[in-house]
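Residue-level listing of the chains:
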Amino acid sequence: VGHCHPDIVKAAHEQNQLLNTNSRYLHDNLVNYAERLSKTLPKKLCIFYFLNSGSEANDLALRLARQYTKHEDVIVLDHAYHGHLTSLIDISPYKFRNLEGQKEWVHVAPVPDTYRGLYREDHEDSVTAYANEVKNIIEQAHKRGRKVAAFFVESLPSVGGQIIPPAGYFQKVAEHMHKAGGVFIADEIQVGFGRVGKHFWAFQLQGEDFIPDIVTMGKPIGNGHPIACVATTKEIAEAFAATGVEYFNTFGGNPVSCAIGLAVLDVIEKEHLQAHATEVGNFLMKLLKEQKIKHPIIGDVR
């Protein structure tokens, strides 16, 4: 919402003067913020965990998925990046290929890129073809006696080249995952909070009928302040709580972070930033597409 936005600075300052505790202490800001966030998401995603960074959020999502499914393996897209913790380097081909390589429990699916990928715009059904690549990975894993816990994906692969997956791809992949006893995790850390313009969350570009099992948030959530969130279903949260090992995060969901999170949502609404993203995005795309017509060297605009 812009560097040093006065509304954000004010919310942080006012809350800092009152109380900033660790999250063992109950505080209205936490509940109010969870309630506000819940209004932006499908009803099914109604349990919230607050953390300090996108990496923490993705690490927790991995734990939730494994606890719920009792499986270990993870499917990710090629070139993906999901964070800097050891657990996330392991599921980030963008990183692990230059480090220790691919772990046995990690499977890499091709990016659903209809411009430069395996199946392109001229393919009769690129959506099904890309989803079948995931299905084949699941089947191969089963043959080796392995079970898949999660398909972990950025709603719009960013490090992989700002790819917009064809609509319907997530639905088909989720179907294959659910049949295999796995879950679908949408990483919205880079692309959420109205940044795609048309929708508040990038996964919504796939259609209203698509709901991930877990959504992770970071980056724009606090406008530079360290706050992150994982949203999931009651079923997954209950399976996680059933271990008896409660989730605790010293500063995740503290009153200052939640005050800032609420202020960010206020500014997005008050300044119509989602509509602004659509308008500016469309304007820029129009001009860039005009350049594409002029210059054959430009292959794709996104």
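Further up the page is the structure itself.
Conventions adopted
- Residues numbered from 1 in each chain as written.
- Predicted model: local features only at pLDDT ≥ 70, side-chain atom pairs only at ≥ 80, totals over all residues.
- Heavy atoms only, no water.
- Core = buried A, V, L, I, M, F, W, Y, C linked by side-chain atoms within 4.5 Å.
- Buried < 20%, exposed > 50% of the residue type's maximum accessible area, 1.4 Å probe, protein only.
- Helix = DSSP H or I, 4+ residues; strand = E, 2+ residues; numbered from the N terminus.
- Contact = heavy atoms within 4.5 Å.
- Salt bridge = Lys/Arg side-chain N within 4 Å of Asp/Glu carboxyl O.
- Pairing = 2+ DSSP bridges.
- Axes fitted to C-alpha atoms, helices over the stretch in contact; angles between N-to-C directions.

(A) Highlighting the nonpolar core. Counting 55 residues, the largest nonpolar core has F151, Y169 and M217 as the members making the most contacts within it. For this core, the element with the highest residue contribution is helix α9 (residues 255-270), accounting for 9 residues. When neighbours within four sequence positions are excluded, F151 is seen to be in contact with I75, L77, V134, Y169, V173, M177, V183, F184 and I185. Within the second largest apolar cluster, 25 residues are counted, among which are L60, L64, V74 and A228.

(B) Representation of the pattern of salt bridges in the model. A full pass over the atoms with the stated rule returns 14 salt bridges. When the shortest N-O distance is used, the salt bridge between D73 and R146 registers 2.7 Å. Of this pair, D73 sits in strand β2 (residues 73-77) while R146 is found in the loop between α6 (126-143) and β4 (148-154), placing the two residues 73 residues apart along the sequence. Of the two residues examined, D73 and R146, each falls in the buried class. A salt bridge links E100 to K103, with the shortest nitrogen-to-oxygen separation between them at 3.6 Å. Through salt bridges with shared partners, a single network forms among E72, D73, E104 and R146.

(C) Representation of the sheet that holds strand β3 (residues 106-109). Judged by pairing direction, the sheet is mixed, and its 7 strands sit side by side in the order β1-β7-β6-β5-β4-β2-β3 without closing on themselves. The open sheet has two edge strands, β1 (47-51) and β3, and neither has a second partner. Across the sheet, the mean angle separating the axes of adjacent strands is 20 degrees when strand polarity is ignored. In this structure, strand β5 (residues 183-187) lies alongside strand β6 (residues 214-217), joined through 3 bridges in parallel fashion. Opposite A186, over in β6, you have V215 as the bridge partner. Each of β1, β2, β4, β5, β6 and β7 (228-232) touches helix α3 (residues 54-69); the most contacted strand, β6, lies at about 165 degrees to it. Where helix α8 (residues 234-241) meets the sheet, it contacts β1, β5, β6 and β7, and its direction lies at approximately 60 degrees from that of β1.

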